[in-house]
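Here is how the chains run, residue by residue.
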Amino acid sequence: MPDIPIPGAPAPQPPPVEEPTEPVPTPGPKPDQSGPQVRTPTGVQAHEDQQVNAQQGEWLTTSGGVRLRETDKSLKAGERGPTLLQDHHLREKITHFDHERIPERVVHARGAGAHGTFKAYGGAETVTSAGFLAEGRETPVFVRFSTVLGSRGSADTVRDTRGFATKFYTEEGNFDLVGNNIPVFFIQDGIKFPDVIHAGKPHPDREIPQAQSAHDTFWDFVSLHTEAQHHTMWNMSDRGLSRSYRMMEGFGVHTFRLVNAAGETSLAKFHWKPKLGVHGLLWEEAQMLGGFDPDFHRRDLADAIETGAYPEWELGIQVFPDTPEQTYAGIDLLDPTKIVPEEIAPV
Ligand code: HEM
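Residues numbered from 1 in each chain as written. Predicted model: local features only at pLDDT ≥ 70, side-chain atom pairs only at ≥ 80, totals over all residues. Heavy atoms only, no water.

**Q** In this structure, what is going on with the site of the ligand? I would like to understand it.
**A** Arg105, His108, Arg144, Gly179 and Phe193 are the nearest of the 18 residues found near the ligand. Within the contact set of the ligand, an oxygen atom lies 3.0 Å away from a side-chain nitrogen or oxygen of arginine 105. Histidine 108 places a side-chain nitrogen or oxygen 3.4 Å from a nitrogen atom of the ligand. Secondary-structure elements contributing two or more residues to the shell around the ligand are strand 3 (162–170) and strand 4 (173–180). Across the shell around the ligand, the residue classes break down as nine nonpolar, seven polar and two charged. (Near = heavy atom within 4 Å. Polar contact = N/O pair within 3.5 Å; in protein donor to acceptor, adjacent residues only side chain to side chain. Helix = DSSP H or I, 4+ residues; strand = E, 2+ residues; numbered from the N terminus. Nonpolar A, V, L, I, M, F, W, Y, C, P; charged D, E, K, R; others polar.)

**Q** Would you mind showing me how to read unusual backbone geometry here?
**A** For residues other than glycine, phi is negative in most cases, and the peptide bonds are mostly trans. A cis amide bond, omega 0 degrees, links isoleucine 208 with the succeeding residue proline 209. Along the chain, proline 209 falls in the loop between helix 2 (193–200) and helix 3 (216–224). If you check the backbone angles, alanine 211 has positive phi at about 70 degrees while not being a glycine. Within the secondary structure layout, alanine 211 lies in the loop between helix 2 and helix 3. Residue alanine 211 is classed as buried on the basis of its relative accessible area, which comes to 2%. Within the chain, valine 253 stands out as a residue other than glycine whose phi angle is a positive 65 degrees. Inspection of the secondary structure puts valine 253 in the loop between strand 5 (250–251) and strand 6 (256–259). (Buried < 20%, exposed > 50% of the residue type's maximum accessible area, 1.4 Å probe, protein only.)

**Q** Is there a simple way to think about the packing of aromatic side chains in this case?
**A** The geometry of an aromatic ring pair comes down to the distance between the two centres and the angle between the two planes. The full count for this structure, using the stated rule, is 18 aromatic pairs. Between phenylalanine 132 and phenylalanine 175 the ring centres are 5.5 Å apart and the planes differ by 40 degrees, which places this aromatic pair in the tilted class. Taken together, the residues span a long stretch of sequence, with phenylalanine 132 in the loop between strand 1 (111–119) and strand 2 (138–147) and phenylalanine 175 in strand 4 at a distance of 43 residues. With a centroid separation of 6.1 Å and an interplanar angle of 10 degrees, the aromatic rings of phenylalanine 168 and tryptophan 272 are classed as stacked. (Phe/Tyr/Trp six-rings, centres within 6.5 Å; stacked < 30°, edge-to-face > 60°.)

**Q** Whenever I open this one, the side chain of histidine 231 confuses me. Can you help?
**A** Locating histidine 231 in the fold gives a position in helix 4 (residues 227–235). Looking at histidine 231, the relative accessible area reads 0%, which means it is buried. A distance of 3.1 Å separates a polar atom in the side chain of histidine 231 from the backbone nitrogen of phenylalanine 186. Contacts of histidine 231, omitting those with residues within four sequence positions, involve Thr161, Ile182, Val184, Phe185 and Phe186. (Contact = heavy atoms within 4.5 Å.)

**Q** Please clarify how the packing of helix 3 against helix 4 should be interpreted in this entry.
**A** When two helices pack together, you describe them by how their axes are tilted relative to each other and by the distance separating the axes. Contact pair helix 3 / helix 4: the axes reach a minimum separation of 6 Å and the direction vectors enclose 125 degrees. The orientation of helix 3 relative to helix 4 falls into the category oblique. Contact with helix 3, carried on its side by Phe218, Trp219, Phe221, Val222 and Ser223, involves Ala228, Gln229 and Thr232 of helix 4 and no other residues of that element. For the contact of helix 3 with helix 4, the per-class residue count stands at five nonpolar, three polar and no charged. (Axes fitted to C-alpha atoms, helices over the stretch in contact; angles between N-to-C directions. Parallel < 35°, antiparallel > 145°, perpendicular 65-115°, else oblique.)

**Q** It is not clear to me how the nonpolar core should be interpreted in this structure. Could you clarify?
**A** Counting residues in each nonpolar core, the largest one holds 22 residues, and the members touching the most others are Phe118, Phe145, Phe164, Phe168, Tyr245 and Trp272. Those elements that provide at least two residues to this core are strand 1, strand 2, strand 3 and strand 7 (265–274). Setting aside its immediate chain neighbours within four residues, phenylalanine 168 contacts Phe118, Phe132, Thr139, Pro140, Val141, Gly173, Asn174, Phe175, Leu177, Trp272 and Leu315. Grouped together as the second largest cluster of nonpolar side chains are 12 residues, Phe186, Ile197, Phe218 and Phe221 included. (Core = buried A, V, L, I, M, F, W, Y, C linked by side-chain atoms within 4.5 Å.)

Right, here's the structure in full:
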C-alpha cells in the first residue's frame with residue numbers, strides 16, 4: 001500500500017498548509033451580467049439603474065476596500081482538507097452575516113414608507129411662524145405607515161391601530177409629526193404605555209395571538225381602564241381594518257402649542273385627510289387577505305406609486321385659544337390627567 005497522505009485525516013503532524021506567498025494580480029471586472037429588461041408586477045418598466053444585474057462596482061472588495069480574488073471558495077488545508085481560520089475574508093464575510101440583525105421595534109415593528117413633498121397653502125401663518133407652513137413653501141417629507149402590535153413579519157390587514165408618522169425635512173431642522181389613524185389614544189399619561197402594550201401583546205405563555213388584541217390580557221386592561229375604551233371603540237370600527245394606507249386619516253393625537261411671529265401661542269391638533277377618502281376592509285376580506293397576501297398594504301402603496309397614482313393628503317389644524325377658557329368641564333387639553341381648579345373651569 002503506497003504511503004499516500006489523506007488530507008484532513010487525523011495525524012500526529014498537522015497537514016502542510018500551502019498558502020500563496022507571491023502576490024497575484026487581481027482579476028478584472030466580471031463580464032457583463034445584465035439580463036432581460038426588468039418589468040415589475042404592475043407592468044411598469046424599472047428605472048434604468050435597476051436594469052443592472054451585475055455587481056455595481058468594478059471589483060469585489062473586503063469591507064476595508066481591498067480587492068478580492070475570490071469570494072466563493074474558502075481556504076482549505078490541501079486538496080480535501082478542512083477550512084482554515086486564516087482565511088480572513090471568509091471570517092469577515094461570515095462574521096458580517098452573523099451580525100446582520102436589526103433589533104425589532106417594541107411597537108410599530110411592521111410598516112412601510114414612502115418619500116414625498118409637502119406644499120403649504122399658508123393658512124396657518126396667523127398662528128405659527130414655522131417656515132414649512134409658510135404659503136407656497138415646499139418641503140421634502142418621508143412618511144411611514146405601520147401596524148402597532150404585530151411582529152415585523154406579521155400580516156398587514158389585522159385589526160389594529162395604524163401608525164402614520166411623517167418626517168418633514170424643513171429648512172429649520174427635521175420635524176416629526178408622529179400620528180395614528182385614530183384621533184384618540186388608550187392612555188392619557190405616558191407612564192401607562194408599558195402596561196397597555198404588555199396587555200395588547202401576545203400572552204406570555206403561548207405567544208398568541210399575533211398582531212391583534214382580542215385576548216384576555218387586553219380585555220382585562222380595557223375593562224379596568226375606562227379611558228382605553230374610547231380608543232377600543234374606534235379600533236373595533238372599520239378604522240381598525242384600513243383598506244389601504246392611501247385611504248387613512250392621520251392624527252397627531254397630542255395637543256401641540258404653536259407660536260406665531262408676534263410670540264402669541266395657540267393650541268393645535270394636526271389632522272391628515274386622504275384625498276381618496278377613508279375606507280375600511282370587511283372583516284372577512286381582511287382575514288382572507290391576511291392569508292392570501294400578508295403584504296397587502298405595502299404592495300398596494302408601492303404599486304400605486306409605481307403606476308403614478310400618487311397618494312395625497314391635505315394637512316389641517318384644529319386650533320384652540322391658549323387661554324384658561326379652552327378648558328372644558330375641568331379638562332385641560334394640554335394635560336388631560338390634570339384636574340383644572342373649578343374657578344377657571346367653566347362648565
Ligand atoms: C403616550 C405614550 C406613548 C409612548 C410611551 C410611546 C412609545 C413609542 C415608542 C417607544 C416607539 C418606538 C418603538 C421603536 O422604535 O422601537 C413608538 C413608535 C410610534 N408611536 Fe408611540 N408612544 C406613545 C403614544 C403614541 C401616540 C399617541 C401615537 C399617535 C399619535 C403614537 C404613534 C407612534 C408611531 C406612528 C410610531 C412609529 C413611528 C415610525 O413609524 O417610525 N404613539 N411609540
